[in-house]
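Single-letter residue listing:
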Amino acid sequence: MKTKTHELSISGEVLQRGFWLYIWEIQTPKPNHLYYVGRTGDSSSSNAQSPFNRMGQHLGFHKNSNVLRRHLEEKNIDPQTCSFRLIAHGPILKEAKTNDQHKKRRDSIAAMEKALADEMTASGYDVINVVKCRMKLDVNNYAPVRAAFALHFKMLGSGKPNLERN
């Protein structure tokens, strides 16, 4: 192991809890990029963590929360050989005070997460996760979210959004 010095800069705003959407861009040792679309707002609890918190969990070693690591390892890619870029947008909704509020907000963000992952894939990005959600997408709330990500992912912004979902 070679000793090196690394620098990581973040905005303190990514420490805010709430409902966020994010896209990981992963540069692998091969000349290709992979993408992972995710959200904050647990299904298993009434918490909505910050993207910063999810960032560490995704690449950590706890099997219940390191989904990105597992996707890479399933492709025989060692995460330590990759470079990562995280684009996070939010908080789109504030963290909820009650379980009912949490479920409504979580479902709304989950529908946006699915739409974003589907559009990234349809636009030609190699998205390594499949987002499953049957919740109805609120296209009016999703439009500014999509526009924010299209600024960072040019192929996403090149076509008309496919927002026809039940």
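None of these values were measured; they are calculated from a predicted model.

Definitions and cut-offs
Residues numbered from 1 in each chain as written. Predicted model: local features only at pLDDT ≥ 70, side-chain atom pairs only at ≥ 80, totals over all residues. Heavy atoms only, no water. Buried < 20%, exposed > 50% of the residue type's maximum accessible area, 1.4 Å probe, protein only. Helix = DSSP H or I, 4+ residues; strand = E, 2+ residues; numbered from the N terminus. Pairing = 2+ DSSP bridges. Axes fitted to C-alpha atoms, helices over the stretch in contact; angles between N-to-C directions. Parallel < 35°, antiparallel > 145°, perpendicular 65-115°, else oblique. Left-handed = near helix turned anticlockwise from the far one by under 90°. Contact = heavy atoms within 4.5 Å. Core = buried A, V, L, I, M, F, W, Y, C linked by side-chain atoms within 4.5 Å. Patch = residues over 30% accessible without salt bridge, like charges linked within 9 Å, V, L, I, M, F, W, Y side chains within 5 Å. Areas by Shrake-Rupley, 256 points an atom, 1.4 Å probe, with all protein chains shown as cover. Salt bridge = Lys/Arg side-chain N within 4 Å of Asp/Glu carboxyl O. Phe/Tyr/Trp six-rings, centres within 6.5 Å; stacked < 30°, edge-to-face > 60°.

**Focus on the pairing of strand β1 (residues 19-27)**
So, point 1. With eight of nine residues buried, β1 lies mostly within the body of the structure.
So, point 2. As paired elements, β1 and strand β3 (residues 83-93) share eight bridges and run antiparallel to each other. When the sheet's bridge partners are listed, E25 is paired in β3 with R85.
So, point 3. Pairing analysis gives seven bridges linking β1 to strand β2 (residues 33-39), with the strands arranged antiparallel. Each bridged residue has a counterpart across the sheet, and for L21 the counterpart in β2 is R39.
So, point 4. Where β1 folds back onto β2 in an antiparallel hairpin, the turn is made up of five residues.

**Observations regarding the packing of helix α3 (residues 99-122) against helix α4 (residues 139-150)**
So, point 1. Here α3 crosses α4 at 45°, and the two axes come no closer than 11 Å. Put simply, α3 runs oblique to α4. The element α3 and its partner α4 pack so that their crossing is right-handed. Packed against α3, whose contacting residues are M112, A115, L116 and E119, the element α4 presents N141, Y142, V145, R146 and F149 at the interface.

**Topic: the nonpolar core**
So, point 1. Counting 26 residues, the largest nonpolar core has I23, L116, M120, F149, F153 and L156 as the members making the most contacts within it.
So, point 2. The set of elements that each furnish at least two residues to this core consists of β1, β2, α3 and α4.
So, point 3. Among the elements that make up this core, the one with the highest residue count is α3 (eight residues).
So, point 4. Dropping the residues within four chain positions of it, I23 is found in contact with Y35, Y36, V37, R85, L86, I87, L116, M120, F149 and F153.
So, point 5. By size, the runner-up hydrophobic cluster in this structure holds 11 residues, among which are W24, Y36, M55 and C82.

**Let's talk about the side chain of H58**
So, point 1. Relative to the helices and strands, H58 is located in helix α1 (residues 51-59).
So, point 2. A relative accessible area of 0% places H58 in the buried class.
So, point 3. In this structure, H58 is in contact with Y22, W24, Y36, S65, N66, V67, L68 and R69, ignoring residues within four places of it in sequence.

**Some thoughts on a nonpolar patch on the surface**
So, point 1. A cluster of nonpolar side chains, L8, I10, L15 and F52, forms an exposed patch at the surface whose accessible area comes to about 400 Å².
So, point 2. Here I10 is to be found in the segment before β1.
So, point 3. Using a relative accessible area of 42% as the deciding quantity, one classes I10 as partly exposed.

**Focus: the packing of aromatic side chains**
So, point 1. In this structure the tally under the stated criterion is four aromatic pairs.
So, point 2. Each ring, one from Y35 and one from Y125, has its centre 5.0 Å from the other, and the planes form 80°; the classification is edge-to-face. Here Y125 lies in the loop between α3 and α4 and Y35 lies in strand β2, a separation of 90 residues in the sequence. The exposure classification of Y35 matches that of Y125, with both residues buried.

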